[in-house]
Amino acid sequence: WGCRNYGPLHSWADHYEAEVARAAGALIRQLGDVSAEKAAEAAVRLGAMRAHQAVDGLAQAVSDPRPAVRREAVRAVILLDGAEAAVPALVRALEGASERGWRHLLVGALARTPHPDGGAALQRILGDTSLRDVTRKLAARGLGRIVHGPAVPLLIAALAKPGLRSDAIESLKRITNRSFSS
């Protein structure tokens, strides 16, 4: 039936929060470790902890020269769901992304974070016909997930592309609150 202590938070809760903050602080510092393995592991642990106080450190790690650190930093940002402060770093990384898997991971992160700059980047991906449909589909779904209204004309145009149609329909439904048929 729940706790009967109606007073201030339990001392264990205060202690737990302090321990989480201490551990997150140590892991944030570890993101800059000389060892790529230790830095990547720090990013993994920060994501697993859902340590929102680590967003700035993870955003910096998105541009780390070591691929494993960058990748794990983006995965951690995805787990934080709604880490708006990381969007500028994700957009910068996406602009320079040439490897398909890296680009796809960045699009996935932006698709979970409502932010106008992220929405604009997803629109560019959706409109880029030189990219694979799987990445463009992820961008289309992301535009709906973050309810990015300026994307409506582009999503309507995507209805003409069979590989994008169902994702465009779902996103248009979410953005406009209207029903669209396939």
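Criteria and cut-off values
Residues numbered from 1 in each chain as written. Predicted model: local features only at pLDDT ≥ 70, side-chain atom pairs only at ≥ 80, totals over all residues. Heavy atoms only, no water. Helix = DSSP H or I, 4+ residues; strand = E, 2+ residues; numbered from the N terminus. Buried < 20%, exposed > 50% of the residue type's maximum accessible area, 1.4 Å probe, protein only. Contact = heavy atoms within 4.5 Å. Areas by Shrake-Rupley, 256 points an atom, 1.4 Å probe, with all protein chains shown as cover. Lys, Arg positive; Asp, Glu negative; His and termini not counted. Charge placed at Lys NZ, Arg CZ, Asp CG, Glu CD. Polar contact = N/O pair within 3.5 Å; in protein donor to acceptor, adjacent residues only side chain to side chain. Core = buried A, V, L, I, M, F, W, Y, C linked by side-chain atoms within 4.5 Å.

### What to know about the overall build of the protein
On a plain count of helices and strands, the protein comes out with 10 helices and zero strands. Starting at the N terminus, the α and β elements of the protein follow one another as α-α-α-α-α-α-α-α-α-α. Considering only C-alpha atoms, the protein reaches an extent of 60 × 50 × 20 Å along its principal axes. Burial statistics for the protein: of 182 residues in total, 42% are counted as buried. Excluding contacts between residues fewer than 6 apart, the proportion of contacts in the protein whose partners are at least 24 apart in sequence is 60%. Put simply, the protein shows about 10100 Å² of open surface, and 53% of that area lies on carbon and sulfur atoms. The centroid of the 25 positive side-chain charges in the protein is displaced by 7 Å from the centroid of its 18 negative side-chain charges.

### Quick notes on the side chain of D167
When you line up the elements, D167 lands in helix α10 (residues 162–176). A polar side-chain atom of D167 sits 3.2 Å from a polar atom in the side chain of R141. Here D167 is in contact with K137, A140 and R141, once residues within four sequence places are set aside.

### Let's talk about unusual backbone geometry
Apart from glycine, the bulk of residues carry a negative phi angle, and the bulk of peptide bonds sit in the trans form. The phi dihedral of R50 is positive, around 55°, even though this residue is not glycine. Considering the arrangement of structural elements, one finds R50 in the loop between α2 (36–49) and α3 (55–61). The exposure class assigned to R50 is partly exposed, which follows from its relative accessible area of 43%. The backbone of V147 shows a phi angle near 50°, a positive value even though the residue is not glycine. Exposure remark for V147: the relative accessible area of 44% places this residue in the partly exposed category.

### A closer look at the side chain of E72
With respect to the element layout, E72 can be found in helix α4 (residues 67–80). We classify E72 as buried; its relative accessible area is 15%. In terms of polar contacts, E72 uses its side chain to reach the side chain of R75, at 3.0 Å. Setting aside residues no more than four positions away along its own chain, E72 makes contact with A40, A43 and V44.

### Some words on helix α6 (residues 100–110)
Across the 11 residues of α6, eight count as buried, placing the element largely inside the fold. All buried positions along α6 are accounted for by W102, R103, L105, L106, V107, G108, A109 and L110. Buried residues along α6 sit in contact with α4, α5 (87–95), α7 (116–127) and α8 (133–145). The N-cap residue of α6 is E99: its side-chain oxygen and the backbone nitrogen of G101 are 2.9 Å apart.

### Some details on the nonpolar core
Formed by 56 residues in total, the largest nonpolar core has its most connected members in L58, V74, L90 and L155. A per-element tally of this core places α4 first, with seven residues. If sequence neighbours within four positions are ignored, L90 has contacts with V62, V74, V77, L106, A109 and L110.

### Structural notes on the environment of V55
With respect to the helices and strands, V55 occurs in helix α3. You can call V55 buried: its relative accessible area is 7%. When the C-alpha atoms of V55 and A86 are compared, they prove to be 6.3 Å apart, with 31 residues separating the residues in sequence. Apart from the residues lying within four places of it in its own chain, the contact partners of V55 are L80, A83, A85 and A86.

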